[in-house]
Amino acid sequence: MSGPLDLTGWIPGRLERDARTNQPLVDWCHLGTRRFTDPFFAETLERRLRHPFPLLFRHRTGMEVLEERARTHPGLPVRGLIFHLSRCGSTLLAQLLAALPRAVVLSEAGPVDHVLRAHRAFDDVSDERRVTWLRALVSALGQRRAPEEEAVYLKLDAWHVLELPLIQRAFPGVPWLFLYRDPVEVMASHQKHAGAHMMPGVLDPTWFGLEAERLQALSREEYGARVLAALCEEALRGYRTRTSPARLVNYRQLQSEGVALLVDLFGLEPSKAEETLLAEAALRDAKNPVVPFNDDTEEKARSISEPSRKMAERWVRPVYERLEAERLGTSST
């Protein structure tokens, strides 16, 4: 009889469905000692799968193995959560953290999304089960792979702010921020290349407070604008009822205050060497680090279509203004 599966160096790459039981399975990928330094989790996984061993050798287990792994090999502590509106600079914040050798940065990790949506995909998945799975998953992803690594920082997908209360249950007391941007600029970016949450039918519309039977009556621009408004509303609600340190951050703050915000909120206390690493990372394009950062605000304002602009102003602008008032301390409600 074989002993327990040795998962040293392996990470959950994705969750799959067991066709026989309709329950989730964990597809484990061998990461070895590779760190998460790419702009997105999927890029790190893709790079690793170019090598023969992780491509040819895989493990598939039940979720109970993931839970047991968390009990026997707990990962590094989670010290920061990044929520965002999308297309507003969140990748820059993740790359700032990833520049620090002590940080394990999980940037929009697919398995995290699979767990958060598990109750929509699998039978009888309670919130308690999702909390357990989320903790176990992040524990497995957040194993120390280099001696300097000390903590995990989780950058969520844009729509995960709708699960803010559950995520806070999984990681109580962990500081978090919500990053947002002028809605016209966000809509302009999605007009060029739409994210999953902006495309009707990709995600469950009821998640955003939209009725599935009414989707055909909505233009793509209105659908996207109402989704963005729902994300802002949930972030504002979460901020007003916060039980842990939290910040609302506008995109316009990033170049001048981004490093200071992260240092303060997440209690980083960087050394001189780390200050240099952070300063250098702040000058690079987050999604293409080989080129310098370029502010595209004016370009987005020029390129947006009139239907997108109208929907941004109608649906998103009011809650954006409330976020700004809350951030600046001028809110009357």
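The shown structure was predicted, so the numbers you read here are calculated from the model rather than taken from an experiment.

## Describing the overall build of the protein
And then number 1: Helix and strand content of the protein: 14 helices and eight strands.
And then number 2: Since a compact globule built from 333 residues should have a radius of gyration of about 20 Å, the 20 Å found for the protein is in line with a globular shape.
And then number 3: Here the C-alpha coordinates of the protein stretch approximately 65 × 55 × 40 Å along the principal axes.
And then number 4: Here the analysis covers contacts within the protein between residues at least 6 apart in sequence; of these, 77% occur between residues at least 24 apart.

## A few points about the layout of surface pockets
And then number 1: The volume enclosed by the largest pocket comes to roughly 800 Å³.
And then number 2: Lining the largest pocket are 36 residues, with Phe40, Arg87, Cys88, Thr91 and Lys287 sitting closest to its centre.
And then number 3: Within the residue set of the lining of the largest pocket, elements represented by two or more residues are helix H1 (41-48), helix H4 (90-98) and helix H9 (183-192).
And then number 4: Tallying contributions element by element places H1 first for the lining of the largest pocket, with four residues.
And then number 5: Residues belonging to the lining of the largest pocket are distributed by class as follows: 12 nonpolar, 12 polar and 12 charged.
And then number 6: There is about 250 Å³ of room inside the second largest pocket.
And then number 7: Along the walls of the second largest pocket sit Arg87, Ala188, Ser189, Gln191, Lys192, His193, Asp296, Glu299, Lys300 and Ser303, which together make up its complete lining.
And then number 8: Contributions of two or more residues to the lining of the second largest pocket are made by H9 and helix H13 (297-303).
And then number 9: The dominant element in the lining of the second largest pocket, judged by the number of residues it contributes, is H9, at four residues.
And then number 10: Residues of the lining of the second largest pocket, tallied by class, amount to one nonpolar, four polar and five charged.

## Considering the environment of Cys29
And then number 1: In this fold, Cys29 is placed in strand E2 (residues 24-30).
And then number 2: For the pair formed by Cys29 and Arg48, sequence separation is 19 residues and the distance between their alpha carbons is 8.6 Å.

## Describing the packing of helix H10 (residues 220-240) against helix H14 (residues 306-328)
And then number 1: It is at 8 Å that the axes of H10 and H14 come closest, and there the two elements cross at 5 degrees. Looking at the two axes, H10 sits roughly parallel to H14. Residues Glu221, Glu222, Ala225, Arg226, Leu228, Ala229, Cys232, Glu233, Leu236, Tyr239 and Arg240 of H10 form the contact with H14, whose own contacting residues are Pro307, Ser308, Met311, Ala312, Trp315, Val316, Val319, Arg322, Leu323 and Glu326.
And then number 2: Partitioned by chemical class, the residues of the contact of H10 with H14 number 13 nonpolar, one polar and seven charged.

## A word on the sheet that holds strand E8 (residues 246-250)
And then number 1: As summarised here, the arrangement of the five strands in space is E5-E6-E4-E7-E8, forming an open sheet in which the pairing is parallel. Bordering the open sheet on either side are strand E5 (103-107) and E8, each of which pairs with just one other strand. Neighbour-to-neighbour, the strand axes of the sheet open up by a mean angle of 20 degrees, direction not taken into account.
And then number 2: The pairing of strand E7 (residues 176-180) with E8 spans five bridges and is classified as parallel. Opposite Phe178, over in E8, you have Leu248 as the bridge partner.

## Structural notes on the side chain of His160
And then number 1: Mapped onto the secondary structure, His160 falls in the loop between strand E6 (151-155) and helix H8 (164-170).
And then number 2: Polar side-chain contacts of His160 include one of 2.8 Å to the side chain of Asp113.
And then number 3: The residues touching His160, leaving out its near neighbours within four places in the chain, are Phe83, Val112, Asp113, Leu116, Ile167 and Trp207.

What counts and what doesn't
Residues numbered from 1 in each chain as written. Predicted model: local features only at pLDDT ≥ 70, side-chain atom pairs only at ≥ 80, totals over all residues. Heavy atoms only, no water. Helix = DSSP H or I, 4+ residues; strand = E, 2+ residues; numbered from the N terminus. Rg over C-alpha atoms; globule rule 2.2 N^0.38 Å. Contact = heavy atoms within 4.5 Å. 1 Å grid on protein atoms, 1.4 Å probe; cavity = no way out; pocket = protein on both sides within 12 Å on 5 of 7 lines; lining within 4 Å. Points joined across faces, edges and corners; volume = space filled by probe spheres on them. Nonpolar A, V, L, I, M, F, W, Y, C, P; charged D, E, K, R; others polar. Axes fitted to C-alpha atoms, helices over the stretch in contact; angles between N-to-C directions. Parallel < 35°, antiparallel > 145°, perpendicular 65-115°, else oblique. Pairing = 2+ DSSP bridges. Polar contact = N/O pair within 3.5 Å; in protein donor to acceptor, adjacent residues only side chain to side chain.

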